[in-house]
Amino acid sequence: MPSIESFPTKRGTARFTEDAVHFDESVVGYLRSLYREYWQSNTWWRKGIFVGYVLALLVGFGWIVSAVRSGDVLLLAVVIGLLVVLWLANYIRGFRSPDRIRLDAVEDVSATRGEKGLTRPRLVITYTDGESTYKRRVNLPSLYTTDGETAYEQARSAFVERGF
């Protein structure tokens, strides 16, 4: 019986049942993990990262409101269009975000540790659904968090224990 039943993700938790892996992720889960990993930390620079996230969200929201109120929606439309193009490119490349993946459908799991300050640790799960092969990207907590390294090792070990 595998010893690791769940591991933290960037936006929540991944947990295993006997036949599947479930992803309990949401915006609220993301905000909760930011608060827990950065603000409740005992180091000043992690609290500074949290304040930076909050300020960036407030400035972004303020910019959107300002653009809509002033009628200058061209830049806003360009930003939204760029986000749609990026999402579409990922969709064409086969990336999906199911909340549940059957373990017998998983073909491969690749783990990338990431580079501190540059990229985030992540898993890419390749699985089949019907006749098609898809991928599910699972972003893990940042290496700047207190449990970032541990979360990466837990996630990697959880799939290794299950034969992937």
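Structure report, in brief. If you're wondering where the values come from, they're calculated on a predicted model, not measured in any experiment.

A closer look at the pattern of salt bridges
Point 1. Summed over all chains, the structure comprises eight salt bridges.
Point 2. Taking the shortest distance from any N to any O, the salt bridge between glutamate 25 and arginine 136 comes out at 3.2 Å. Remark: arginine 136 occurs in strand 7 (residues 132-139) and glutamate 25 occurs in strand 3 (residues 20-25); sequence separation between them is 111 residues.
Point 3. Since its relative accessible area comes to 27%, glutamate 25 is described here as partly exposed.
Point 4. We note a salt bridge from arginine 36 to glutamate 37, for which the minimum N-O separation is 3.8 Å.
Point 5. With relative accessibility at 41%, the residue arginine 36 sits in the partly exposed group.
Point 6. With relative accessibility at 11%, the residue glutamate 37 sits in the buried group.

A closer look at the packing of helix 2 (residues 44-70) against helix 3 (residues 74-92)
The axes of two packed helices give the description: the angle between them and the distance between them.
Point 1. Where helix 2 meets helix 3, the closest approach of the two axes is 9 Å, and the angle between their N-to-C directions is 130 degrees. Between helix 2 and helix 3, the interaxial angle falls into the category oblique. Residues Trp63, Ile64, Ala67 and Val68 of helix 2 touch helix 3, and the partners they reach there are Leu75, Leu76 and Val79.
Point 2. The class makeup of the residues in the contact of helix 2 with helix 3 is seven nonpolar, no polar and no charged.

Some thoughts on the nonpolar core
Point 1. Phe7, Val21, Leu123, Ile125 and Phe159 are the most contacted members of the largest nonpolar core, which has 20 residues in total.
Point 2. Among residues more than four places away in sequence, those in contact with phenylalanine 159 are Phe7, Phe16, Val21, Val109, Leu123, Ile125 and Phe164.

Structural notes on the side chain of lysine 10
Point 1. Inspection of the secondary structure puts lysine 10 in the loop between strand 1 (6-9) and strand 2 (12-16).
Point 2. Beyond its immediate chain neighbours, meaning those up to four positions away, lysine 10 contacts Tyr30, Ser33, Arg120, Asn139, Leu140 and Pro141.

Thoughts on the sheet that holds strand 5 (residues 106-112)
Point 1. In space, the three strands of this open sheet follow the order 5-6-7, with antiparallel pairing throughout. Each of the sheet's edge strands pairs with one partner strand only, and the pair in question is strand 5 and strand 7. Strand-to-strand twist in this sheet, taken as the mean axis angle between neighbours without regard to direction, amounts to 20 degrees.
Point 2. By the bridge criterion, six bridges tie strand 5 to strand 6 (residues 122-129) in an arrangement that is antiparallel. Across the sheet, residue serine 110 finds its bridge partner in strand 6, namely valine 124.
Point 3. The sheet strands contacting helix 4 (residues 148-161) are strand 5 and strand 6, and the helix crosses strand 5 at an angle near 155 degrees.

Analysis parameters
Residues numbered from 1 in each chain as written. Predicted model: local features only at pLDDT ≥ 70, side-chain atom pairs only at ≥ 80, totals over all residues. Heavy atoms only, no water. Salt bridge = Lys/Arg side-chain N within 4 Å of Asp/Glu carboxyl O. Helix = DSSP H or I, 4+ residues; strand = E, 2+ residues; numbered from the N terminus. Buried < 20%, exposed > 50% of the residue type's maximum accessible area, 1.4 Å probe, protein only. Axes fitted to C-alpha atoms, helices over the stretch in contact; angles between N-to-C directions. Parallel < 35°, antiparallel > 145°, perpendicular 65-115°, else oblique. Contact = heavy atoms within 4.5 Å. Nonpolar A, V, L, I, M, F, W, Y, C, P; charged D, E, K, R; others polar. Core = buried A, V, L, I, M, F, W, Y, C linked by side-chain atoms within 4.5 Å. Pairing = 2+ DSSP bridges.

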